[in-house]
Structures are given as structure tokens and as C-alpha cells.
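Coordinate inspection notes
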Amino acid sequence: MPLKSNFKSDLEREQKLCVLLDRYYHQYLKQYSFDRVFEIKQQMEGIDLIFTHKDHGRKYTIDEKAQLDYINENLPTFAFELSYEKDGTLKEGWLFDTSKKTEFYALITSIYSDAPDVFTSCKITLVNRQKLLAFLVEKNITSSTLKKYVLPNKNMHGKIKIDELHHRKEGYLYASTKNKAERPLNLILKLDFLEETGIAKRLA
């Protein structure tokens, strides 16, 4: 039986989650105002929100990424998409996609819900995309260097340890070849590690 894509239901849940997120942004973004982006072209470029500094007017483009597969769970990690499949073709994931105009990722984790799709709390971690990409280059983690781990066995499923990161303290690869239609390959990074290195900062 082919695996089903959850794209439509995820979209509906994301819209309901936005109500909670907007409340958090109003509460915790003391120095910034924010606007949601509804234009599809901008969203495809990795822009869901624009933060504007209240004093000097500098604008920052934000891509929201929510762990909607893990409701009522407090995971210490986040999955950064390296590749996925669509209609049998391998596509580049959003992490190394040079067409994206994202400056910061807003990682939404520990999403709690008392009733179906009624979200009550979550954590928001802001990740500086340029700092993240610079760090990965420094560690020699690129699309091409990671291929050596997955090309020998394209149907590998689960956690893949890599030499470039400590798998318990920093991160690892994860291939979802058996449980998701898009068969994504993700770089799993520890949130605490991203904060310790100055790449990320907890907003809420």
C-alpha cells in the first residue's frame, strides 16, 4: 500500500497553530512587530513571517517549521530537511536550497494540545540560518559530503551516525524511507547544542 502524504491536513493544523504562535510573538517580541506572509511566491521562497525592528525598521524574513508529527511530546531535537521525493524524483530539501530567502527559522517544538487541533502551548527557537550554514560548512557537512552515508543503501531507514557530529550531543542523519511517502532525509540537530553554539536562541 502506498504511503499517504499528509500535506493537506498539515496545512490545516498549521493554520490553527498560527493562532497560538501569533499570541506568543505579541508577548515575547518586545523589540519587533511582525506580519504574516500570505503570498504563495514568498512562502515558496521560505518566508512565512517578516519581523520588523521597532527602532531602526530593519526587516527579517522568518520561515516557521513546526513539529506537528509530535503533538504532546517534548523532543530535544529538530529535523532539517536535506532531500525528499516527489513523483518518484529526488528533490533538494529546504536546508541547502539556495533559492530560499529565509534569514531565520522559527522552530516550533513541544506543541501541546488538550483537544484535537486546539493548541495550548509550545516552544519557539529562532535559528540564524547564515550562522547555521556557516557552521555546517566549517564541519564539512554539505549535500555532497553527506551522500557517502546514504548512497550505498538508498533504502536505509532510521538513524545514521556521521563522523562530522557527535550523535548524542550534536546530531545525526535520519532517513524515513519506510514510514513517509516523501521519503525525506533529514539532518537531526540537538536544540541545546544549537543554543550553546550561538546559532539559536529560545524566544518562548
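Preceding this paragraph is the structure being described.
Notes on the structure in this doc start here. Only a predicted model underlies this, so the values are computations on that prediction, with no experimental measurement involved. (Residues numbered from 1 in each chain as written. Predicted model: local features only at pLDDT ≥ 70, side-chain atom pairs only at ≥ 80, totals over all residues. Heavy atoms only, no water.)

A word on the pattern of salt bridges
If you walk through the whole model with that rule in mind, you get 10 salt bridges. Note that glutamate 64 is salt-bridged to arginine 36, the shortest N-O span being 2.9 Å. In this pair, glutamate 64 is assigned in strand β3 (residues 59-66) and arginine 36 in strand β1 (residues 32-36), connecting sequence segments 28 residues apart. Across the pair, arginine 36 and glutamate 64 agree in class, each one buried. (Salt bridge = Lys/Arg side-chain N within 4 Å of Asp/Glu carboxyl O. Helix = DSSP H or I, 4+ residues; strand = E, 2+ residues; numbered from the N terminus. Buried < 20%, exposed > 50% of the residue type's maximum accessible area, 1.4 Å probe, protein only.)

Examining the sheet that holds β3
Pairing within the open sheet is mixed, and its 6 strands lie in the order β1-β2-β3-β6-β7-β11. Unpaired on one side and paired on the other, β1 and β11 (200-202) mark the two borders of the sheet. The sheet shows a mean angle of 30 degrees between the axes of neighbouring strands, direction not considered. Bridge count between strand β2 (residues 49-53) and β3: 4 bridges; the pairing is antiparallel. Residue pairing in the sheet places isoleucine 50 in a bridge with threonine 61 of β3. (Pairing = 2+ DSSP bridges. Axes fitted to C-alpha atoms, helices over the stretch in contact; angles between N-to-C directions.)

Quick word on the packing of aromatic side chains
Under the counting rule described, the total for this entry stands at 11 aromatic pairs. Ring centres of phenylalanine 80 and tyrosine 105 lie 6.2 Å apart, and the angle between their planes is 70 degrees; this geometry places the pair in the edge-to-face category. Of this pair, phenylalanine 80 sits in strand β4 (residues 77-86) while tyrosine 105 sits in strand β6 (residues 104-115), and the two are 25 residues apart along the sequence. For the pair shown, phenylalanine 80 and tyrosine 105 are each scored as buried. An aromatic cluster is defined as three or more aromatic residues linked by ring pairs; in this entry it consists of Tyr25, Tyr32, Phe34, Phe51, Tyr60 and Phe104. Against the face of tyrosine 60 rests arginine 58, its NZ or CZ located 4.2 Å from the ring centre. Taking the ring centre of tyrosine 172 as reference, the NZ or CZ of lysine 159 above it sits at 4.5 Å. (Phe/Tyr/Trp six-rings, centres within 6.5 Å; stacked < 30°, edge-to-face > 60°. Lys NZ or Arg CZ within 6 Å of the ring centre and 35° of its normal.)

Side note on the sheet that holds strand β5 (residues 89-92)
Across a sheet, paired strands are connected by hydrogen bonds in the backbone, their directions being either parallel or antiparallel. If you walk across this open sheet you meet the 5 strands as β5-β4-β10-β9-β8, and the pairing is antiparallel. Each edge of the sheet is formed by a strand with only one pairing partner; in this case those strands are β5 and β8 (158-160). Averaged over all adjacent pairs, the angle separating strand axes in this sheet is 30 degrees, with direction ignored. Packed onto the sheet, helix α4 (residues 143-150) meets β4, β5, β8, β9 (171-175) and β10 (185-190) and runs at close to 65 degrees relative to β9. (Contact = heavy atoms within 4.5 Å.)

Quick look at the layout of surface pockets
By volume, the second largest pocket amounts to about 530 Å³. Lining the second largest pocket are 21 residues; nearest its centre among them are Ser83, Leu90, Lys147, Val150 and Leu185. Of all the secondary structure elements, the ones that give two or more residues to the lining of the second largest pocket are β4, β5 and α4. Here the lining of the second largest pocket gets 4 residues from one element, more than from any other, and that element is α4. Tallied by class, residues from the lining of the second largest pocket come to 10 nonpolar, 5 polar and 6 charged. (1 Å grid on protein atoms, 1.4 Å probe; cavity = no way out; pocket = protein on both sides within 12 Å on 5 of 7 lines; lining within 4 Å. Points joined across faces, edges and corners; volume = space filled by probe spheres on them. Nonpolar A, V, L, I, M, F, W, Y, C, P; charged D, E, K, R; others polar.)

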